[in-house]
Amino acid sequence: MARPSRTVADRPISPHLSVYRFNWTMAMSIAHRISGVVCYAALPLFVIWLWTIADGAETYDRLRALASSWFGITVLLGLSWAVIHHSVGGVRHIVWDTGTGLGDPARYRWAQGTLIGSLALTALLWLGVLIGGF
Amino acid sequence: MVARTPYARARGLGAAGTGTREYWILKLTSVAMLPLMIFLGGVLIALRDASHSEVASALSKPWIALPLFLLILANALHMRLGMAQVIDDYVHSNGLKKFAVGANLFFSYGLSAAALYFLILIGLRG
């Protein structure tokens, strides 16, 4: 049955940035989007990697020199975090899609776990590469 | 006159108006990319001190080239659909939206085609 039209104006408006208050699920939603856009913008780097290999040793060595400079390592560190964060966030979204982990404390634990997980995995990866030597 | 509430008219219409198929492709490609991305990370780490000829010969091996090929394909669909959501959410002017949708397609598929081209080129040279 249709409601009287005067109730329409009282309905909650669509939430937007200025209406939300901070919480973990919101922060990780934004982080998921930002990390996704970073991965998106990084595709040219992947193409450049393949292009330098196809082009020859001289070009590839120049890319290697750039990649192993402090600038290159900083970019790769940030990019690896973006990829890992987006991946962990993707797993969380698939868990949520099944209907699990959406309860009151659970959804905030999952959101916090996304950040902790992505930071821990990125740290482990780089400790392994730079110190552990694998 | 049709007796429909504003809610009934708005129901099912997100920013994009449609999207079950896009949602499903986004999920499938994300599941596919999880192992493939780990594979790419492993390849990059394994080859980080390798010479150009070692890298080229590794990338021309089918068991390395094929997962990378699949990764490029899955990623092309995933990045286009992901950016489409961002465009749906933030770009509201009709002209700018058309431009953004087109630019997204060219960027995602154009660069993915370039990646596939170079991967095949490396493979054919052995």
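Computed from a prediction, not measured in an experiment: that's the story for all the values here.

Grouped together as the largest cluster of nonpolar side chains are 37 residues, with contacts concentrated most on A:Phe46, A:Trp49, A:Leu50, A:Ile53 and B:Leu59. Of all the elements, helix H4 (residues 62–90) of chain B adds the most residues to this core, at nine residues. Those residues in contact with A:Phe46 that sit more than four places away from it in its chain are B:Leu40, B:Ile72 and B:Ala115.

You can see B:Gly82 is positioned in helix H4. Distance from B:Gly82 to B:Arg11, taken between C-alpha atoms, is 22 Å for residues 71 residues apart in sequence.

Scanning all chains against the criterion turns up four salt bridges over all chains. When the shortest N-O distance is used, the salt bridge between A:Asp97 and B:Lys27 registers 2.9 Å. Taken together, the positions of A:Asp97 in helix H4 (residues 70–97) and B:Lys27 in helix H2 (residues 20–46) put the pair across two chains. B:Asp88 serves as the salt-bridge partner of B:Lys97, at 3.5 Å between the closest nitrogen and oxygen. In this pair, the class of B:Lys97 matches that of B:Asp88, namely buried.

Summarising the element assignment, A:Arg109 is placed in helix H5 (residues 104–132). Overall, A:Arg109 belongs to the exposed group, its relative accessible area being 52%.

Our next topic: the packing of aromatic side chains. In this structure the tally under the stated criterion is four aromatic pairs over all chains. Between the aromatic rings of A:Phe46 and A:Trp49, the centroid separation amounts to 5.8 Å while the plane-to-plane angle is 40°, which identifies the pairing as tilted. Separated by three residues within a single helix, A:Phe46 and A:Trp49 lie in helix H2 (residues 43–55), roughly one turn from each other. On the accessibility criterion, A:Phe46 (15% relative accessible area) is buried. When the ring of B:Phe39 is compared with that of B:Trp63, the centres are 6.4 Å apart and the planes differ by 80°; the resulting orientation is edge-to-face. Here the residue B:Phe39 occupies a position in helix H2, and B:Trp63 occupies one in helix H4, the gap between them amounting to 24 residues. Owing to a relative accessible area of 23%, B:Phe39 belongs among the partly exposed residues under this scheme. Given a relative accessible area of 58%, B:Trp63 falls into the exposed group.

About the cut-offs
Residues numbered from 1 in each chain as written. Chains lettered and ligands numbered in written order. Predicted model: local features only at pLDDT ≥ 70, side-chain atom pairs only at ≥ 80, totals over all residues. Heavy atoms only, no water. Core = buried A, V, L, I, M, F, W, Y, C linked by side-chain atoms within 4.5 Å. Buried < 20%, exposed > 50% of the residue type's maximum accessible area, 1.4 Å probe, protein only. Helix = DSSP H or I, 4+ residues; strand = E, 2+ residues; numbered from the N terminus. Contact = heavy atoms within 4.5 Å. Salt bridge = Lys/Arg side-chain N within 4 Å of Asp/Glu carboxyl O. Phe/Tyr/Trp six-rings, centres within 6.5 Å; stacked < 30°, edge-to-face > 60°.

All quantities given are derived from atomic positions and should not be read as evidence of function.
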